[in-house]
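# A look at the structure
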There are 2 protein chains.
Amino acid sequence: MKLARILAAGLVAGALAMPVAAQMTVEDQIETRKATYQFISWNMGKIKAQTVDGSVPFDARQMMAAANAIAAAANSGMSALYSPESAMDKAENTRLKPEFFTQPEKAREVGVNFVMEANKLQEVAVTGDQKALAQQFARVGQTCKACHDDFRAK
Amino acid sequence: MKLARILAAGLVAGALAMPVAAQMTVEDQIETRKATYQFISWNMGKIKAQTVDGSVPFDARQMMAAANAIAAAANSGMSALYSPESAMDKAENTRLKPEFFTQPEKAREVGVNFVMEANKLQEVAVTGDQKALAQQFARVGQTCKACHDDFRAK
């Protein structure tokens, strides 16, 4: 077993051994993840309005607050909101495909990409550069779309 | 009035004067604010589990992530999610009392207190002090309760 693999296995074991909170019910997982994505979507909408659409005057401080919100949500440990029992083949009120769990490497990749681009969004927002923020907003949006395309039912 | 309170009040006033995004529908306001509070509640629950209940082992990094999430939400400009038309005397699916708008000074005070205590929560989480975090968690919880007592129907 290569060292990198051993280390990765150790990280996974550590993550499994260290729950963030008591086990949630499937219903709570679904409701909370939908709420979290709605919170993210609301904040994405503010950035879109002020950088892409121009429908609202650009305000750098508001953009920092919105980017902070998105990054904080992305880093909040959302994996706790997913379990195989919470996919649409087993649960109600969700469009999460079971492929999210049968393709764990792909699921991990979309999750990691979202977190990375959200963190970058926060960094770009600090600069107050409207154009750069519009571009980074698009990159975050691409990570949302990638997950929807693969793991959310129409 | 302490300086921090004056500054926080100024932030709230500034948020009211400067629209963050295009005007939301009343339904969107209600749905988004409920989602945001659920996101906050989920993260408060993690801190409670690891500092008050002890039902989950204390993990300082997880506590920082949870506190960041709560503070980022508190600072996300939630006042945009409130309009007189979105109170329970005029709208469905909400327990928000109309007093939230007829007693604006009191409403502003509970809002400012929440933001200030949430920001303090973030500061305390960085120290990794479990006991101090439990105490600050309780202070944040008191600001939640104060608003529920005055402005949320049973």
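Since this is a predicted model, take the numbers as computed values, not measurements.

Let's shift gears to the interface of chain B and chain A. Opposite the 32 residues of chain B that make contact, chain A presents 31 residues. Between chain B and chain A, roughly 2600 Å² of surface is buried when both sides are summed, and carbon and sulfur atoms account for 67% of that area. It is Val20, Phe39 and Trp42 of chain B in chain B that bury the most area against chain A; as a group they hold 25% of the surface buried on that side. Counting across the interface, chain B meets chain A through zero salt bridges. At the junction of chain B and chain A, the tally comes to four residue pairs in polar contact (both at pLDDT 80 or more). Elements supplying a minimum of two residues to the side of chain B that touches chain A: helix 2 (26–53) and helix 3 (60–74) of chain B. Of all the elements, helix 2 of chain B adds the most residues to the side of chain B that touches chain A, at 11 residues.

Right, let's get into the side chain of glutamine 136 of chain A. Residues and elements named next belong to chain A. Mapped onto the secondary structure, glutamine 136 falls in helix 6 (residues 130–151). Given a relative accessible area of 0%, glutamine 136 falls into the buried group. Setting aside chain neighbours within four positions, we find glutamine 136 in contact with Glu117, Lys120, Leu121 and Val124.

With that settled, the discussion passes to the relation of the copies chain B and chain A. Note that the two copies of the chain are related through a rotation about an axis and a translation along the same axis. Overlaying chain B on chain A yields an RMSD of 0.0 Å, the required transformation being a rotation through 180° with an accompanying axial translation of 0.0 Å. Here the copies are linked by what is in effect a two-fold axis. Of the C-alpha atoms belonging to chain B, the one lying closest to the rotation axis is found on alanine 35 of chain B, 2.1 Å away. Of the residues that chain B buries at the interface, 94% are likewise interface residues in chain A, meaning the two copies contact each other through the same surface.

Attention shifts here to the confidence of the model for chain A. When pLDDT is averaged along chain A, the result is 90, and 87% of the positions lie at 70 or above. Counting contacts from residues 1–17 of chain A, a segment whose pLDDT is below 50, to residues more than four positions away or on other chains yields one contact.

Taking 1.5 Å per residue, 28 residues should reach 40 Å; helix 2 of chain B reaches 38 Å between its end C-alpha atoms and fits that length. Along helix 2 of chain B, the helix axis deviates most sharply at isoleucine 47 of chain B, where the bend reaches about 25°.

Here we take up the packing of helix 2 of chain B against helix 3 of chain B. Residue and element names in this part refer to chain B. One can describe the packing of helix 2 onto helix 3 by two numbers: an axis separation of 9 Å at closest approach and a directional angle of 150°. With respect to each other, helix 2 and helix 3 are oriented roughly antiparallel. Pair helix 2 / helix 3 crosses with left-handed handedness. Listed contacts from helix 3 to Thr36, Phe39, Ile40, Asn43, Met44, Lys46, Ile47, Gln50 and Thr51 of helix 2 are Gln62, Met63, Ala66, Ala67, Ala69, Ile70 and Ala73. For the contact of helix 2 with helix 3, the residue count by class is 10 nonpolar, five polar and one charged.

Residue and element names in this part refer to chain A. Per the stated rule, a full pass over the model turns up 10 salt bridges over all chains. We note a salt bridge from lysine 106 to aspartate 150, for which the minimum N-O separation is 3.8 Å. Of the two residues, lysine 106 sits in helix 5 (residues 104–127) while aspartate 150 sits in helix 6, which places them 44 residues apart along the sequence.

What counts, and at which threshold
All residue numbers refer to positions counted from 1 along the written sequence of the respective chain. Both sets of labels track the order of writing: A upward for chains, 1 upward for ligands. Only residues with pLDDT of at least 70 are given local features in this predicted model, and only at 80 or more are side-chain atom pairs given and counted; all residues enter the totals for whole chains, interfaces and linings. Just so you know, side-chain values use all the structure's heavy atoms and leave hydrogens and water out. The contact definition used throughout considers only heavy atoms, calling two residues in contact when any of these lie within 4.5 Å. Here the quantity called buried area is the accessible surface, traced with a 1.4 Å probe, that two parts lose on coming together, added over both. Think of a salt bridge as a Lys or Arg side-chain nitrogen and an Asp or Glu carboxyl oxygen that are within 4 Å of each other. Polar contacts here mean pairs of N or O atoms no more than 3.5 Å apart (in protein, one a potential hydrogen donor and the other a potential acceptor; neighbouring residues in sequence count only if both atoms are side-chain atoms). The secondary structure listing takes helices from DSSP runs of H or I that are at least 4 residues long and strands from runs of E that are at least 2 residues long, numbered from the N terminus. Each residue's exposure class comes from its accessible area (1.4 Å probe, protein chains only) as a fraction of the maximum for that residue type: buried when under 20%, exposed when over 50%, partly exposed otherwise. Least-squares superposition aligns the copies on the C-alpha atoms of those residues with pLDDT at or above 70 in both. As a per-residue measure, pLDDT reflects the predictor's confidence and takes values from 0 up to 100. To estimate how far a helix should reach, multiply one less than its number of residues by 1.5 Å. Two axes are fitted around each residue, one to the seven residues ending there and one to the seven starting there, and the angle between them is reported as the bend at that residue. Axes, fitted as lines to C-alpha atoms, cover a helix only where it is in contact. Angles between the N-to-C directions of the axes lie from 0 to 180 degrees. We call two directions roughly parallel when the angle between them is under 35 degrees, roughly antiparallel when it is over 145, roughly perpendicular when it lies between 65 and 115, and oblique otherwise. Crossings are sorted by hand: turned counterclockwise from the far helix by less than a right angle, the near helix makes the crossing left-handed, and turned clockwise it makes it right-handed. Throughout this entry, Asp, Glu, Lys and Arg are counted as charged residues, while Ala, Val, Leu, Ile, Met, Phe, Trp, Tyr, Cys and Pro are counted as nonpolar. The remaining residues, Gly among them, count as polar.

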